[in-house]
Amino acid sequence: MGYIDVIHEVKRYNTGGKTCIANNDVTFSIMQGELVMILGASGTGKSTLLNILGGMDSCDEGDVIVDGEDIAKYDAKELTEYRRLDVGFVFQFYNLVPNLTALENVEMASEIVPYSNNSMDALASVGLMNRCNNFPSQLSGGEQQRVAIARAVAKRPKILLCDEPTGALDYKTGKQVLHILQDMSRKHGATVIIVTHNSAISPMADRVIRMHDASIAEVKCNPNPCDIDQLEW
Ligand SMILES: Nc1ncnc2c1ncn2[C@@H]1O[C@H](COP(=O)(O)OP(=O)(O)O)[C@@H](O)[C@H]1O
Ligand SMILES: [Mg+2]
């Protein structure tokens, strides 16, 4: 038993009379505090799985046990609470609110939980204290992604879910972002799950889950995760 146990999880989408199986009998476990990478080509069901883990979508079959609770059985209200209190989410394209400043974007998330980190501290942790009064349009892609990460970590989530967090970033900024995500696991004990199609970054993970054709192709534990500075892509 893990901290997260996904058991025979199935997700189907129906569009235009056709059924697409996005997750097909997905089973795996994750331990608390691990940094996990979910790898796979485009269209293999990675985002679908991440959304289900984050309580943003529901599966059609199976169980999704998180810290002893089956979130697959949650109703809408329970899912809202779960998303609010337990989950931080970092999207590939940041999803910042355009007419709020960097600081206000972070505050928006931290205001909704009882034990948040200070929003300014969260921005400082991603090196953006001096940009707190800038709007998203005044920030580079890398800076916007760091604001999005500050927004997620300010909530002090038990689970931090990241969908292609470095996908839109240059090499150097990508590494900065990976350092921040690694700190969340190593220093703050959060369970961090990163979806990526970049297999070159997987050696830094404690566990690597490979998806293929909507299924789990392989799960590998890595007892000696490599240093981010050694990664090349
Ligand atoms: N909202 C949706 N409606 C219909 N089909 C979807 C939806 N979301 C994803 N899919 C389909 O499910 C499959 C898996 O998608 P996704 O989870 O986004 O894969 P990945 O993140 O690995 O690229 C794809 O075939 C995709 O077209
Ligand atoms: Mg995706």
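Residues numbered from 1 in each chain as written. Chains lettered and ligands numbered in written order. Predicted model: local features only at pLDDT ≥ 70, side-chain atom pairs only at ≥ 80, totals over all residues. Heavy atoms only, no water.

Asks: Provide a residue-level description of the sheet that holds strand β10 (residues 215-221), including the pertinent values.
Replies: As summarised here, the arrangement of the six strands in space is β6-β7-β8-β3-β9-β10, forming an open sheet in which the pairing is mixed. The sheet is open, and its two borders are formed by β6 (87-90) and β10, each paired with just one other strand. Strand-to-strand, the axes of this sheet are offset by a mean angle of 15°, without reference to chain direction. Bridge count for strand β9 (residues 207-212) against β10 is six bridges, and the pairing is antiparallel. In the strand pairing of β10, Ile209 is matched with Val219. Of the strands in this sheet, β6 and β7 (159-163) are in contact with helix α2 (residues 76-86), which crosses β6 at around 75°. (Pairing = 2+ DSSP bridges. Helix = DSSP H or I, 4+ residues; strand = E, 2+ residues; numbered from the N terminus. Axes fitted to C-alpha atoms, helices over the stretch in contact; angles between N-to-C directions. Contact = heavy atoms within 4.5 Å.)

Asks: A description of the environment of Asn99 should follow, citing residues and the corresponding values.
Replies: Within the secondary structure, Asn99 sits in the loop between β6 and α3 (102-110). Considered as a pair, Asn99 and Ser137 are 38 residues apart in the sequence and their alpha carbons are 9.0 Å apart.

Asks: I'd love a proper account of unusual backbone geometry, names of residues and values included.
Replies: Even without glycine at this site, Tyr94 takes up a positive phi of about 70°. Within the fold, Tyr94 resides in the loop between β6 and α3. Despite not being glycine, Ala214 shows a phi value in the positive range, around 70°.

Asks: Residue-level account of the nonpolar core, with values.
Replies: Ranked by internal contacts, the top residues of the largest apolar core, which has 40 residues, are Leu123, Val147, Ile149, Leu160, Leu181 and Val192. Elements supplying a minimum of two residues to this core: β3 (35-39), α3, α4 (119-125), α5 (141-154), β7, α6 (171-186) and β8 (191-196). Residue contributions to this core peak at seven residues, all from α5. If we skip the residues at most four places from it in the chain, Ile149 touches Val90, Val126, Val177, Ile180 and Leu181. Counting 25 residues, the second largest nonpolar core, distinct from the first, contains Phe28, Ile38, Val87 and Met211. (Core = buried A, V, L, I, M, F, W, Y, C linked by side-chain atoms within 4.5 Å. Buried < 20%, exposed > 50% of the residue type's maximum accessible area, 1.4 Å probe, protein only.)

Asks: Explain α5 to me, using residue names and the numbers behind them.
Replies: The end-to-end C-alpha distance of α5, which contains 14 residues, comes to 20 Å, matching closely the 20 Å that a straight helix rising 1.5 Å per residue would cover. Counting buried residues along α5, 13 of its 14 residues qualify, which places the element largely inside the surrounding structure. Two residues or fewer past α5, Arg156 is found with a positive phi of approximately 50°. (Expected span 1.5 Å × (residues − 1).)

Asks: Give me the lowdown on the environment of Ile30, citing residues and values where you can.
Replies: With respect to the secondary-structure elements, Ile30 resides in strand β2 (residues 18-30). For Ile30, a relative accessible area of 0% translates into the label buried. Separated by 162 residues in the primary sequence, Ile30 and Val192 place their C-alpha atoms 9.9 Å from one another. Apart from the residues lying within four places of it in its own chain, the contact partners of Ile30 are Gly2, Tyr3, Ile4, Val36, Thr191, Ile193, Arg207 and Ile209.

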